[in-house]
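Read off the chains here:
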Amino acid sequence: MSKQKSLLNRRNILLGCAALVIAGGVLFAVIRLREKPVVVTTEKAFIKEVVHLVTATGKIEPELVVAMSPDVSGEIIELPVKDGQSVNKGDLLFKIQPDIYINQVEQSLAQLNAARSQNLEAQSRKLKAEDDFRKASLLYRERLISESDFIASKTNAQAARATYQSSLYTIAQNKSLLDQNQDRLKKSIVRAPISGSIIALNSKPGERVVGTGQFPGTEVLRLANLDSMQVKVEVNENDIVNVKAGNPVSITVDAYGDRIFRGIVHEISNSAISKAAGTQEEVTNFSVKIRIFNHDRLLKPGMSATADIEAQRVKDALVVPIQSVTMRSSGTAAQIVKPEKSDITIISKTRAPESRQGVFVINGGKAWFRPVKTGTTDNTHIIVTGGLKKGEEVVSGSYTAITTELSDGRLVKKQQQ
């Protein structure tokens, strides 16, 4: 009897152990099959001032640059300036050999004097011919000379007047030629049109240069006003609509590290600059010129610079991290239904998929998709204009969780900071 009782107790123990093993396995399977929470980082929606920046790179250059080329050709006999030298308006920059232009002036002056002498001779002949015509007219009235003599006298007077008038035109022509040659002689001496600095010196004394005429002349030097500097950048077509003349700009120059130079947008080009046109890599930019204020003559032409253009400033804006905003589809696509025993195909008119912009809000340990309306951005945050309240906790990372892993009601776990 006691043996049977012992066997029964042992069997009960074995059954209990088996039940415990089975229950543990079931519990383990439930835990294994249970949805794993998505590890995320979060941030609360808060109020801040948002400054939308348009960033572009470019080169430092003077606002005013004058390329100095001579109007006349010849040999440079004087070049008293050096590269980097400062000059004042009216200072001598260079001088061209003037001998040939002096000779041309003397020739033109001689031709003008000859034309004036011919004018005096033509004037005398005109006066004599007019006097002869007056006398012939009196005699013709008295029928003392023939008609042919009267006509000849009249013709001589008209010819003398025409010769005299022609001599006046010759004088004007030679006077114009003299003025032209005197101007050429004057232009053999080139003076500074503005006060500034020599930023490029391309010629030396003794070199021959070509004057500007029907073709470009030789560029001897470049003169620039280094007190007024600008940075010329190219802004993408998607950002140019936000850039306006007068927008404040923060400028960093590679040569000066983190030092900030202040500026303002003062010119925006209306013509586009296209790169790789006709290809998939085509890029359309617009030139923007930014005047720099506090440069203190530290900047030199050609330096590389980065400009942060303040396109828009919004105070007291409700913001969330830029990466928190994502897109989700809603609705279903159209379905094709083909009933049995029928050759007719029916297309059900279901709503097409739509994309909604929103954020994932944390509530009760789960993520819930919330459609929102957004505004402008700065480098880190985006303005939310509707659909969210201050202090609500939104998912800010990771990128994979926000874009693909999260869905309505998905269990989440905050990552330890």
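Refer to the preceding data block for the structure.
Residues numbered from 1 in each chain as written. Predicted model: local features only at pLDDT ≥ 70, side-chain atom pairs only at ≥ 80, totals over all residues. Heavy atoms only, no water.

Asker: How should the overall build of the protein be read in this particular structure?
Answerer: In terms of regular secondary structure, the protein is built from five helices and 24 strands. Expressed as a percentage of its 417 residues, the buried residues of the protein come to 31%. In the protein, 74% of the contacts between residues at least 6 apart in sequence involve partners at least 24 apart. (Helix = DSSP H or I, 4+ residues; strand = E, 2+ residues; numbered from the N terminus. Buried < 20%, exposed > 50% of the residue type's maximum accessible area, 1.4 Å probe, protein only. Contact = heavy atoms within 4.5 Å.)

Asker: Honestly, the sheet that holds strand β9 (residues 208–209) in this entry has me stumped. Any pointers?
Answerer: Across a sheet, strands are paired by hydrogen bonds formed along the backbone, either parallel or antiparallel in direction. Reading across from one edge, β7-β6-β4-β9 is the order of the four strands in this open sheet, with antiparallel pairing throughout. Across the chains shown, the open sheet's two edge strands, defined by having one partner strand only, are β7 (189–191) and β9. Note that strand β6 (residues 92–96) and β7 share three bridges and pair antiparallel. In the sheet register, K95 faces β7, and the bridge partner there is I189. (Pairing = 2+ DSSP bridges.)

Asker: How should the nonpolar core be read in this particular structure?
Answerer: For soluble globular proteins, the rule of thumb is that nonpolar side chains tend to be buried together. Counting residues in hydrophobic clusters, the biggest one holds 26 residues, and the most contacted among them are I60, V235, I251 and I290. When contributions to this core are tallied by element, the ones reaching two or more residues are β2 (46–62), β11 (229–236), β12 (248–253), β13 (260–275), β14 (283–292) and β15 (304–321). Beyond its immediate sequence surroundings of up to four residues, I251 is in contact with V231, R259, I260, F261, R262, G263, I290, I292, A305, T306 and A307. If you look at the next biggest cluster of nonpolar residues, it comprises 18 residues, including L79, V87, I194 and L221. (Core = buried A, V, L, I, M, F, W, Y, C linked by side-chain atoms within 4.5 Å.)

Asker: Got a minute to help me understand the packing of aromatic side chains in this structure?
Answerer: The geometry of an aromatic ring pair is captured by two quantities: the separation of the ring centres and the angle between the planes. The tally for this structure, following the rule as stated, stands at four aromatic pairs. Between the aromatic rings of F133 and F150, the centroid separation amounts to 5.7 Å while the plane-to-plane angle is 35°, which identifies the pairing as tilted. Of this pair, F133 sits in helix α2 (residues 99–141) while F150 sits in helix α3 (residues 147–186), placing them 17 residues apart in sequence. Residues Y140 and F150 carry aromatic rings whose centres are separated by 4.6 Å and whose planes lie at 15° to one another, so their mutual orientation is stacked. With Y140 in helix α2 and F150 in helix α3, this pair connects stretches of sequence that are 10 residues apart. With a relative accessible area of 18%, F150 lands in the buried category. Aromatic ring contacts, followed pair by pair, group F133, Y140 and F150 into a single cluster. (Phe/Tyr/Trp six-rings, centres within 6.5 Å; stacked < 30°, edge-to-face > 60°.)

Interpretation in functional terms is not warranted from these geometric data alone.
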